[in-house]
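Breakdown of the fold
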Amino acid sequence: MTHGPRFTPLIVSLPAAVPFVGPEALERARGHPFRARLGANESVFGPSPRSVAAMREAAGETWKYGDSESFELKAALSSRLGVGPQHLTIGEGIDGLLGNLVRLTVAPGDTVVTSLGAYPTFNYHVTGFGGDLVTVPYADDREDPDALIAAARETGAKLVYIANPDNPMGTWHGAERIAAMIEALPEGTLLVLDEAYIEFAPNGTAPEIDPDDARVIRLRTFSKAHGLAGARVGYAVGAPELIAAFDKVRNHFGLSRVSQAGALAALADESWLSEVRAKVSVARGRIAEIAAACGLKPLPSATNFVALDCGGDGALARRVLAELAERDVFVRMPGVAPLDRCIRVSAGTPVMLDLFEAALPKALAAAREKQD
Ligand SMILES: Cc1ncc(COP(=O)(O)O)c(C=O)c1O
């Protein structure tokens, strides 16, 4: 008899998959670091100094597990958002919450709808729990609410996912379009509204949603505008019955004290948030200018990154990305056509964007030469 793990049939059937290879892994493979880290949509401007001080102070208490109920953070979010604690669950980033949500709702063979080329970590969780993914194309580089709803209706989907604003294109819909989407949901379909980038979006992007509305769950994070990607803190707002169910599956001690303290302090520092928003807006403008100077088309963005249309196919954009990496500039790109004609550049510090500005024309020339 052979020894070894006796995997479930589902696990045996899954291909090995990593939704995103991390920049550190890429650096190890390259043998040297990047000089401009512009690929992971992190906030290069960092967390609020108040958040850093709170995390430093909490570090000495790390011998204790975190508060399994994230009580203080939940209370602060509750008063900030005007919802009750029963409407909130805190998790290890949106990524962790998505995993738990899929675990709660998707059995093998259940259908889930998303857009072709949208945020892949959601798909990773769906596949990991045996769900069947149905995808609809983007329309004009934006996720297409009508097509998503139509597919949900046709397939009887348990979940329909939309990120607003969207990753990887950076585009967005106004609140009324999302509100209409909620109204149009077929019975039994839950809208998963991923608002990871909402702090960067214009006013009027986030719809008013009754927190008791059982048709939708909204997901937010401290990873982007609050600059705490490495702390892994996100939260979901939804109807109490759904929120309570997370307690059946979540990792109750998954959040560290340091992360909880950092997030709590970040939430209180409004002026840092405004500063970051302003810096991101300047960086977006600069990325667009750098791109335009090279003849590339920047897409409008309500996020902390800009998608740049390289003017060719996916193969060309992939070569541009590789040539930028050769010049120590880390960016990413959408995975599928027609989105993959773009590269995606995160808002950087002025120094990082100087490096990008210097590297882009050379990378483009090299990428085009290799095409000929
Ligand atoms: C649309 C979207 N959702 C979720 C995440 C991940 O968020 P978190 O760091 O909270 O897991 C990202 C990160 O890039 C994202 O782009």
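Anyway, here's the lowdown on the structure attached to this text. (Residues numbered from 1 in each chain as written. Predicted model: local features only at pLDDT ≥ 70, side-chain atom pairs only at ≥ 80, totals over all residues. Heavy atoms only, no water.)

1. Quick notes on the sheet that holds strand β5 (residues 159-163)
Sheets are built from strands that pair by backbone hydrogen bonding, the pairs being arranged parallel or antiparallel. The following threshold applies: Two strands qualify as a pair provided that DSSP identifies no fewer than 2 bridges between them. Secondary structure is summarised from DSSP: a helix means a run of H or I of at least four residues, a strand means a run of E of at least two, and numbering begins at the N terminus for each. Lines fitted to the C-alpha atoms define the axes, with helices restricted to the stretch that makes contact. Angles between their N-to-C directions range from 0 to 180 degrees. Two residues qualify as a contact provided that any one of their heavy atoms is within 4.5 Å of a heavy atom in the partner residue.
Strand order in the open sheet formed by 7 strands is β2-β8-β7-β6-β5-β3-β4, with mixed pairing between adjacent strands. The sheet is open, and its two borders are formed by β2 (88-91) and β4 (132-136), each paired with just one other strand. When strand polarity is set aside, the average angle formed by the axes of neighbouring strands in this sheet is 20 degrees. In the sheet, strand β3 (residues 111-115) pairs with β4 via 5 bridges, with the strands oriented parallel. Bridge pairing in β4 places T114 opposite T135. Running over the sheet, helix α4 (residues 71-81) touches β2, β7 (216-221) and β8 (234-237) and is turned about 130 degrees from β2.

2. Digging into the pairing of β5
Rules: Under the scheme applied here, a residue whose accessible area is under 20% of the maximum for its type counts as buried, over 50% as exposed, and between as partly exposed, the area being computed with a 1.4 Å probe on protein chains only. Note on handedness: a clockwise path from strand one over the helix to strand two, with the strands aimed away from the viewer, defines a right-handed crossover.
With 5 of its 5 residues buried, β5 lies for the most part within the structure. What you see with β5 is no split at all: L159, Y161 and A163 on one side and V160 and I162 on the other are buried throughout. You can see the chain leave β5, run along helix α8 (residues 175-184) and come back into strand β6 (residues 190-194), and the turn it takes is right-handed.

3. A few points about the side chain of S115
Using the following cut-off: Between N or O atoms, a polar contact is any pair within 3.5 Å; within protein, one atom must be a potential hydrogen donor and the other a potential acceptor, and residues adjacent in sequence are included only when both atoms are from side chains.
Tracing the chain through its elements places S115 in strand β3. On the accessibility criterion, S115 (0% relative accessible area) is buried. Side chain to side chain, S115 and E143 meet in a polar contact 2.7 Å long. Residues contacting S115, with those up to four places away along its chain left out, are T135, V136, Y138, E143 and L148.

4. Remarks on the pairing of β6
Along any regular strand, the residues point their side chains to alternate faces of the sheet. Within β6, 5 of the 5 residues are buried, leaving the element largely enclosed by the surrounding structure. Residue alternation in β6 divides its side chains into two sets, L190, V192 and D194 and L191 and L193, and both sets are buried. Note: β6 against β7, 4 bridges, orientation parallel. Bridging from a neighbouring strand, D194 pairs with L219 of β7.

5. A short note on the environment of P47
Tracing the backbone shows P47 in the loop between β1 (36-37) and α3 (49-59). Along the primary structure P47 and A16 are separated by 31 residues, whereas in three dimensions their C-alpha atoms are 34 Å apart. Among all residues touching P47, those that are not within four sequence positions of it are V52, M55, H226, G227, L228 and W272.

6. Remarks on the layout of surface pockets
Put simply, the rule is: Definitions used throughout: a 1 Å grid over protein atoms alone; a cavity as a set of points that fits a 1.4 Å probe which cannot get out; a pocket as an open set with protein on both sides within 12 Å along at least five of seven lines; a lining residue as one with an atom within 4 Å of a point. Grid points are joined across faces, edges and corners, and a volume is the space filled by probe spheres set on the points. For this classification, Asp, Glu, Lys and Arg are treated as charged, while Ala, Val, Leu, Ile, Met, Phe, Trp, Tyr, Cys and Pro are nonpolar and the rest, including Gly, are polar.
Roughly 760 Å³ of internal volume is contained in the largest pocket. As for the largest pocket, its lining consists of 31 residues, of which L81, I198, A206, R218 and R220 are closest to the centre. Every element with two or more residues in the lining of the largest pocket is listed here: α4, β7, β8, α10 (257-268) and α11 (270-293). Among the elements that line the lining of the largest pocket, the one with the most residues is β7, at 4 residues. Looking at the lining of the largest pocket, its residues break down into 16 nonpolar, 5 polar and 10 charged. Of the pockets and cavities examined, the second largest pocket occupies roughly 660 Å³.

7. Here we look at the packing of aromatic side chains
Stated precisely, the cut-off is as follows: The aromatic pairing rule takes the rings of Phe, Tyr and Trp, using the six-membered ring of Trp, and pairs them if the centres are within 6.5 Å, calling planes under 30 degrees apart stacked, those over 60 edge-to-face and the rest tilted. In this scheme, Lys NZ or Arg CZ marks a charge over a ring once it lies within 6 Å of the ring centre and within 35 degrees of the ring normal.
Considering all chains together, one arrives at 6 aromatic pairs under this definition. Between Y65 and F253, the ring centres sit 5.5 Å apart and the planes meet at 55 degrees, which makes this aromatic pair tilted. Here Y65 is found in the loop between α3 and α4, whereas its partner F253 is found in the loop between α9 (240-249) and α10, with 188 residues between them in sequence. Y65 gets classed as exposed once you look at its relative accessible area, which sits at 65%. Residue classification places F253 among the partly exposed positions, given a relative accessible area of 48%. The interplanar angle of 55 degrees and the centroid separation of 6.0 Å between the aromatic rings of F222 and Y235 together place this pair among those described as tilted. Of the two residues, F222 sits in the loop between β7 and β8 while Y235 sits in strand β8, which places them 13 residues apart along the sequence. Each member of the pair F222 and Y235 is classed as buried. The lysine or arginine in question, R30, covers the ring of F34, its NZ or CZ lying 4.1 Å from the ring centre. The ring of F305 has R344 sitting right over it, with the charged end atom 5.4 Å from the ring centre.

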